[in-house]
Amino acid sequence: MNDPFDDFVEQLQDEIDQETLQTFGEVAYQRWKNPLYMQVIPTPDGHARETGSCGDSIEIYLKLENGRVCDAGFQTDGCGPSAVCGSYAAQMAIGKTPLEIAEVKGEDILAELGGLPSEHEHCAYLAVAALQSAVEDYMSRRPKDF
Ligand code: FES
């Protein structure tokens, strides 16, 4: 016989999953369930934390090799979409040079996701702001050219 509490928890999780899927769409839902690149890189070449007006923060970690991002990670204390957007920001950084990353915009993440509800669009801009700041941190650590 199933434990009634386990059944209750399972049903609740199903309801949350269905609501999330309907509100944010398939792409964001799948990434929320499997937030790729959610990792701290212990000795990053570039790192930044940005806090939005909502109070949520997203951190981005970058590791570079031969002038290109070879590994990236993110952390967030924020909403589900902030994890989804942080994950996409890290993914979009992989393989790019700092100059190429400078071209990444919040709209690019929103396009990948097929959009977000308007009250969560800022999550994408916050993730990109953290990414751009991590690149600035990387640039500031490099020896200056003369
Ligand atoms: Fe603030 Fe998503 S990052 S609500």
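Just above sits the structure.
Residues numbered from 1 in each chain as written. Predicted model: local features only at pLDDT ≥ 70, side-chain atom pairs only at ≥ 80, totals over all residues. Heavy atoms only, no water.

1. Side note on the packing of helix H2 (residues 80–93) against helix H4 (residues 106–113)
Note the cut-off: Axis definition: a line fit to C-alpha positions, over the contact stretch in the case of helices; interaxial angles, taken between N-to-C directions, run 0 to 180 degrees. Secondary structure elements follow DSSP: runs of H or I of four or more residues count as helices, runs of E of two or more count as strands, with numbering from the N terminus. Roughly parallel means an angle under 35 degrees; roughly antiparallel means over 145; roughly perpendicular covers 65 to 115; every other angle is labelled oblique. Any pair of residues with heavy atoms lying within 4.5 Å of one another is described as a contacting pair. Side-chain classes are defined by residue name, with Ala, Val, Leu, Ile, Met, Phe, Trp, Tyr, Cys and Pro counting as nonpolar, Asp, Glu, Lys and Arg as charged, and the others, Gly among them, as polar.
Two elements in contact, H2 and H4, have axes whose closest approach is 10 Å; the angle formed by their N-to-C orientations is 110°. It follows that H2 is roughly perpendicular to H4 by the angle criterion. Counted together, Val84, Cys85, Tyr88, Ala89 and Met92 of H2 and Asp108, Ile109, Glu112 and Leu113 of H4 form the full contact between these two elements. Residue composition of the contact of H2 with H4, grouped by class: 7 nonpolar, no polar and 2 charged.

2. Observations concerning the pairing of strand S2 (residues 57–65)
So the rule is basically this: Any residue under 20% of the maximum accessible area for its type is buried, any over 50% is exposed, and the rest in between are partly exposed; the area is computed with a 1.4 Å probe on protein chains only. Strand pairing follows a simple DSSP-based rule, namely that at least 2 bridges must link the two strands.
Of all 9 residues that make up S2, 7 are buried, and the element is covered over most of its length. For strand S1 (residues 46–51) and S2, the ladder comprises 6 bridges, and the chain directions are antiparallel. Looking at the pairing, Glu50 lines up with Ile58 of S2. Sheet topology places S2 next to strand S3 (residues 68–76); 8 bridges connect them, and they run antiparallel. Within the sheet, the bridge partner assigned to Leu62 lies in S3 and is Ala72. Between the end of S2 and the start of S3, which pair antiparallel, lie 2 residues, with Asn66 showing a positive phi angle near 50°.

3. Considerations on the packing of H2 against helix H5 (residues 121–141)
Angle between the axes and distance between the axes: these two values describe a pair of packed helices. Operational definition: What makes a crossing left-handed is the near helix being turned counterclockwise from the far one by less than a right angle; a clockwise turn instead makes it right-handed.
It is at 8 Å that the axes of H2 and H5 come closest, and there the two elements cross at 40°. Classed by the angle they form, the pair H2 and H5 counts as oblique. The handedness of the crossing between H2 and H5 is right-handed. Contacts between H2 and H5 involve Pro81, Ser82, Cys85, Gly86, Ala89 and Ala93 from the former and Cys123, Ala124, Ala127 and Leu131 from the latter. Per-class residue counts for the contact of H2 with H5 are 8 nonpolar, 2 polar and no charged.

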